[in-house]
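Spelled out from the first residue to the last, the chains are:
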Amino acid sequence: VTEPEGFREFVTERYAALVRYGTLLTGDHGHGEDLVQTALITACRAWRRLHPDGDPEAYTRRVMSRGAWRAARRLWRQEQPAAELPETVHENPYDMHDTAHLVLSALRALPAQQRVVLVLRYWGGLSEQEIADQLGCSPGTVKSRASRAIAALRGGHLADAITEETR
Amino acid sequence: VAERQIRELLGSAVADVTPRAADPVADVLRQYRRHRRRVGVAIGAIILLLAAGGFAAVPRFAGGGQRADVFASASPAESTVPVQTGPARPRVVGKEVVAGGLVMPVPPGWHTIDDGKTTYCNVPPRTIAVGFDPVPGGSGKYCGLKPFISVSGARLSAGLLGSLLRGANLRQTTLPGGQSAWMTTWPDTATATFGQRPYNVASLYLPWSGATVHVALDRTGYAEIFPTIRTRPVAPSTLALSASSAQIIGPNSLGRPVNSGPRITDPTVIAQALDRLGGLTAAASNDQACATLNMPTAVVWFNTITGPAAVVITLSDNCAQATSSLGGRVTVPRGFANELWRLLGGSGTVEPAK
C-alpha cells in the first residue's frame with residue numbers, strides 16, 4: 001500500500017490538534033490518541049474522496065466524535081483511564097489540583113455521551129441540530145445530555161470555575 | 001452557564017497535551033496496512049471455504065479472530081493455546097463463557113445476555129453480559145448495585161493499563177490453568193457510586209487472553225464464583241518484548257505499584273532494559289506460576305509501535321517472576337528488579353529486604 005498523496009502533510013500538520021480533540025472527547029490522553037489513530041485509518045481508506053477537494057479534518061473529527069459516542073456502550077464506568085502515570089512517589093498520586101487535571105478528571109467522570117456532546121457544543125461550537133446530525137440522534141437527546149453534563153460539572157470540583165452568567 | 005468559561009476550561013485542559021507518537025504517519029499507515037491484510041486474509045479464507053463447498057464450516061469461522069481451539073478442543077484443559085494478540089470475542093459455549101483462553105462457568109441461577117444493547121438498569125441481577133459492558137455509570141448508578149458480571153474482549157491500551165494502575169491496587173494472580181491475570185478492585189468507587197457495601201467491584205484483565213472480566217458481587221458470591229474462573233494453558237516461553245519508551249512503577253509500602261520512575265526514551269537505556277529482560281531464560285511453566293494477589297508488585301510500562309505493553313514483576317521471596325503482556329513468563333533472580341529499577345531511573349530499591 002503506497003502512502004496516499006497529501007496524507008502525510010495532513011497528519012503532520014493536524015495531528016497535534018486532533019490529539020487534543022481526542023483527549024477532550026475521551027477525557028484521557030492515551031484513549032484520545034488511540035481514537036485519533038483509529039479515525040485516521042478510516043480517513044486513509046476514504047482519502048480519494050477527501051483529497052484534494054474534500055475536508056479531511058472535518059471528516060476525521062466526525063469519525064472521532066461518532067467513535068467516542070459509540071464508546072459509551074462499551075466502557076465500564078469504573079474503568080476510567082488514569083490521566084498519567086504518577087511521576088513522583090506519592091501516597092495518592094492522583095491527588096493533583098491543577099486546572100488541566102481537574103477538568104480532565106471531570107470529563108472522565110461524565111458518561112461518555114454527555115462528554116461528547118459537551119465537547120462538540122462548547123469546544124467545537126456546534127449547534128444542537130448540527131451535533132444531532134453528526135451523531136445520528138435527536139436534538140432533544142443532545143439538549144438533555146448537554147444539560148446534564150453542565151449540571152454535573154457545576155456540581156463537582158469545577159463549580160467555582162463555572163458561574164451562571166447566561167443560558 | 002457561560003459558554004466562554006467552559007470553552008476556556010476545555011482549552012486549558014489540553015493546552016499542554018502533545019502527541020506521544022513520534023511518527024504518527026508511520027503508525028497510522030502501519031495499522032492501515034495491517035487492517036487491509038486482515039481483511040484480505042478474511043476474504044480469501046471465506047472464498048476458499050466457499051470454493052471448497054465448506055458451507056458447514058462457515059459457522060466455525062464466524063468467530064472472526066477467535067481461535068479455533070475455542071470450538072474444537074474436546075479436552076481444553078490439556079491443550080495449550082497461543083497468546084491472543086487482539087481482543088477476544090467472548091461467547092457462550094454450553095454452560096460456559098469463553099473468551100480467548102478464559103473459561104468461566106455460568107453459575108447456577110445466573111444467565112447470560114449477548115445482545116450488546118441491554119443497559120445496566122435493564123440487566124436483571126445475576127446476569128453475565130457476554131461481549132459487552134452494560135455501563136453501570138451515568139443514569140445507571142441510580143439503578144443500584146446488583147450481582148453482575150461482564151466478560152468482554154480487550155486489548156491492553158494506555159487507558160486500560162492506566163486504569164489498572166489508577167486503582168493503586170494492581171495485583172497479579174495466577175488463575176487455574178496457569179494464565180496470569182491482573183486484577184484491580186474498586187471498593188471505594190463502589191461505595192462512592194452506589195453507597196453500598198460490602199460489594200466488591202473488581203476488574204480482571206487477562207493479557208494472554210485479550211479479555212476483561214468485571215464483577216460486582218457480594219462476599220458470598222465472590223467467594224463462590226471467582227474460584228471457578230479457569231484458563232487454558234499457554235506454552236511456557238521467555239518474555240516477548242519491544243519498546244520505544246519505558247517507565248517503571250515500583251511498589252509502595254503496601255506492595256502496590258504506584259511509585260513511578262521517570263519516562264525513559266533514551267534508546268540505549270531501553271535497549272539495555274530489553275536486553276536484561278530478554279536475557280531471562282528460565283521460562284516458568286504453568287505449574288511453576290506462583291503469583292498471588294498479596295505479593296508486592298512492580299510494573300514496567302513499555303510503549304511499542306502497536307500500543308502499550310507491560311511486564312509485571314512479582315517481588316516476593318517465594319515468587320519472583322516476570323510476566324509480559326505480549327507473552328512469556330520467567331523466573332527472575334534476586335536483585336534483578338532492583339537493577340532494572342535503577343537502570344530505568346528509580347532511586348533506592350524495590351525488592352523487599354531479606
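Shown above is the structure to which this text applies.
Let me begin by describing the structure that accompanies this report. This structure is a prediction, so every number in the text was calculated from the model and none was measured.

Some words on the overall build of chain B
(1) Moving on: Regarding its fold elements, chain B presents 9 helices and 17 strands.
(2) Moving on: Looking at chain B as a whole, 52% of its 354 residues qualify as buried.
(3) Moving on: By sequence separation, contacts in chain B at least 24 residues apart represent 57% of the contacts at least 6 residues apart.
(4) Moving on: Put simply, chain B shows about 14,800 Å² of open surface, and 55% of that area lies on carbon and sulfur atoms.

Looking at the overall build of chain A
(1) Moving on: A count of helices and strands for chain A gives 8 helices and 0 strands.
(2) Moving on: Across chain A, helices and strands are ordered from the amino to the carboxyl terminus as α-α-α-α-α-α-α-α.
(3) Moving on: Taking all 167 residues of chain A together, the buried fraction comes to 51%.
(4) Moving on: Pairs at least 24 residues apart make up 62% of the contacts formed inside chain A by residues separated by at least 6 positions.
(5) Moving on: If you sum the accessible surface of chain A, you get close to 8,100 Å²; carbon and sulfur atoms cover 48% of it.

Regarding unusual backbone geometry
(1) Moving on: In this model, His51(A) is joined to Pro52(A) through a cis peptide bond whose omega is 5 degrees.
(2) Moving on: Within the element layout of this structure, Pro52(A) appears in the loop between helix 3 (47-50) and helix 4 (56-70).
(3) Moving on: Located in the positive-phi region is Arg126(B), a residue other than glycine, with phi close to 60 degrees.
(4) Moving on: Take Arg126(B): it is sitting in the loop between strand 4 (111-113) and strand 5 (127-130).

Considering the side chain of Ser152(B)
All names here are of chain B.
(1) Moving on: Along the chain, the position of Ser152 falls in strand 6 (residues 148-153).
(2) Moving on: A relative accessible area of 6% places Ser152 in the buried class.
(3) Moving on: Non-local contacts of Ser152, meaning those with residues more than four positions away in its chain, are made with Pro90, Gly131, Phe132, Asp133, Gly210, Ala211 and Thr212.

Quick word on the packing of aromatic side chains
Residue and element names in this part refer to chain A.
(1) Moving on: Per the stated rule, a full pass over the model turns up 3 aromatic pairs over all chains.
(2) Moving on: With a centroid separation of 5.2 Å and an interplanar angle of 90 degrees, the aromatic rings of Phe7 and Trp47 are classed as edge-to-face. With Phe7 in helix 1 (residues 7-26) and Trp47 in helix 3, this residue pair connects regions lying 40 residues apart in the sequence. Just as Phe7 is buried, Trp47 falls in that class too.

So, the sheet that holds strand 13 (residues 257-260) of chain B
Residue and element names in this part refer to chain B.
(1) Moving on: Ordered in space as 13-12-14-15-16-17, the 6 strands form an open sheet in which the pairing is antiparallel. Of all strands in the sheet, those with a lone pairing partner are strand 13 and strand 17 (329-331), marking the two edges. Between one strand axis and the next, the sheet turns through 25 degrees on average, direction left out of account.
(2) Moving on: Relative to strand 13, strand 12 (residues 245-251) runs antiparallel, the two sharing 3 bridges. Bridged to Pro251 within strand 13 is Pro257.

Looking at helix 6 (residues 112-123) of chain A
(1) Moving on: Between its first and last C-alpha, helix 6 of chain A extends 15 Å over 12 residues, near the 16 Å set by a 1.5 Å rise per residue.
(2) Moving on: Residues of helix 6 of chain A that are buried: Ala112(A), Gln113(A), Gln114(A), Arg115(A), Val116(A), Val117(A), Leu118(A), Val119(A), Leu120(A) and Tyr122(A).
(3) Moving on: If you follow the buried residues of helix 6 of chain A, they end up packed against helix 1, helix 4, helix 5 (99-109), helix 7 (128-135) and helix 8 (139-154) of chain A together with helix 1 (3-14) of chain B.
(4) Moving on: Positive phi shows up at Gly125(A), right after helix 6 of chain A, with a value of about 70 degrees.

Rules used throughout
- Residues numbered from 1 in each chain as written.
- Chains lettered and ligands numbered in written order.
- Predicted model: local features only at pLDDT ≥ 70, side-chain atom pairs only at ≥ 80, totals over all residues.
- Heavy atoms only, no water.
- Helix = DSSP H or I, 4+ residues; strand = E, 2+ residues; numbered from the N terminus.
- Buried < 20%, exposed > 50% of the residue type's maximum accessible area, 1.4 Å probe, protein only.
- Contact = heavy atoms within 4.5 Å.
- Areas by Shrake-Rupley, 256 points an atom, 1.4 Å probe, with all protein chains shown as cover.
- Phe/Tyr/Trp six-rings, centres within 6.5 Å; stacked < 30°, edge-to-face > 60°.
- Pairing = 2+ DSSP bridges.
- Axes fitted to C-alpha atoms, helices over the stretch in contact; angles between N-to-C directions.
- Expected span 1.5 Å × (residues − 1).

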